Amino acid sequence: MKGTQMVSRLGEILPPGALIEQAPMKEHTSFRIGGPADVLALPATEEQIAGVIRFTRENDIPCHLIGNGSNLLVSDDGLRGVVVKIGKNFSQTRVDGNVITAQAGVLLSRVANLAAEHSLSGLEFASGIPGTLGGAVVMNAGAYGGEMCQVVTSTRFVNRNGEIIELHGDAHGFGYRKSVFGEGDVVLTSCLTLSEGERDDIYAKMSELNAARREKQPLEFPSAGSAFKRPEGAFAAKLIDDAGLRGFSVGDAAVSEKHCGFIVNLGNASCEDVLRLMEQVKERVYAYSGIMLEPEVRYLG
């Protein structure tokens, strides 16, 4: 299906202004890397999201799902088909007692702050994580000893066939940086069950964790967070540092001097720079330690 025809058909599902042709993906990723997407779709309702998913599947059109783009590396050649961005257009929240129900496009940091405003504890760890709720649920995001699996109790999602399904409890299949959600599944809303706490204590804990994050992480450079998953019984950053790779670079992509677990964009890094650097890091760490690192960054190309 040609681009103009695809946009015309999608225009029957989405309102005016919700479709952007040749959207530069570097403007939609925290790495600030990536070529143009054929079409960027910005749905605002569950029906619109499900409609776009069904349309792409029925017409055999590539469909890529993104949130805040905080753990993505996008090809320099861009992306064919449709990129569905679940962002601020789909970010409503509701608080009922100790349960927060939130749409997938809301920033996780906003949900953590909402919890603090209502004296609800359990999301302090998430206050500095830059992604959306949907992405955090899919990858069971975590930091400083906390993980989404500790608070997520139910989730509505659209499967690859455009069907809306609800999961509860263990059915999420949470593990380390993973869940039951697969390629083509789109988280819609999640319910987070928290515990009552003292507002001042909650804010103090969030402030402490965010200060630690600023001190230890290279937030002054574009990145996609931790480049590699934590291997069992070890830490990726230490393995990379011990292999002598602190500051090692390919083009403008570099292992952070501040935190070796991060790969940063020093200015004009390409996707190819990052991929080559990650491959060399994996090879050097394996040669040094016998441990093969697994990427945590999600590549789209």
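A brief report on the enclosed structure follows. (Residues numbered from 1 in each chain as written. Predicted model: local features only at pLDDT ≥ 70, side-chain atom pairs only at ≥ 80, totals over all residues. Heavy atoms only, no water.)

1. Considerations on the overall build of the protein
No. 1: Helix and strand counts for the protein stand at seven helices and 19 strands.
No. 2: What you see for the protein is a C-alpha radius of gyration of 20 Å, in line with the 19 Å of a compact globule of 301 residues.
No. 3: Accessible area for the protein stands at about 13,900 Å²; split by element, carbon and sulfur atoms hold 47% of it.
No. 4: For the protein, the distance from the average position of its 29 positive side-chain charges to the average position of its 37 negative side-chain charges is 2 Å. (Helix = DSSP H or I, 4+ residues; strand = E, 2+ residues; numbered from the N terminus. Rg over C-alpha atoms; globule rule 2.2 N^0.38 Å. Areas by Shrake-Rupley, 256 points an atom, 1.4 Å probe, with all protein chains shown as cover. Lys, Arg positive; Asp, Glu negative; His and termini not counted. Charge placed at Lys NZ, Arg CZ, Asp CG, Glu CD.)

2. Examining the pairing of strand β5 (residues 79–85)
For a regular strand, side-chain orientation follows a simple rule: the groups alternate between the two sheet faces.
No. 1: Counting buried positions along β5 gives six out of seven residues, so the element sits mostly inside the fold.
No. 2: Direction of pairing for strand β2 (residues 36–41) relative to β5: parallel, over a ladder of four bridges. Bridge pairing links Val39 to Val82 in β5.
No. 3: Here four bridges tie strand β3 (residues 63–66) to β5, and the two strands are oriented parallel to one another. The residue of β5 that forms the bridge with Cys63 is Val82. (Buried < 20%, exposed > 50% of the residue type's maximum accessible area, 1.4 Å probe, protein only. Pairing = 2+ DSSP bridges.)

3. A short note on the pattern of salt bridges
No. 1: Applying the stated criterion across every chain yields a total of 13 salt bridges.
No. 2: A salt bridge links Lys258 to Glu220, with the shortest nitrogen-to-oxygen separation between them at 3.9 Å. Of this pair, Lys258 sits in the loop between β17 (253–255) and β18 (262–265) while Glu220 sits in the loop between α5 (199–216) and β15 (223–226); the two residues are 38 residues apart in sequence, bridging distant segments of the chain.
No. 3: Accessibility expressed as a relative area gives 37% for Lys258, which makes it partly exposed.
No. 4: Salt bridges sharing common partners tie together Glu147, Arg177 and Glu296. (Salt bridge = Lys/Arg side-chain N within 4 Å of Asp/Glu carboxyl O.)

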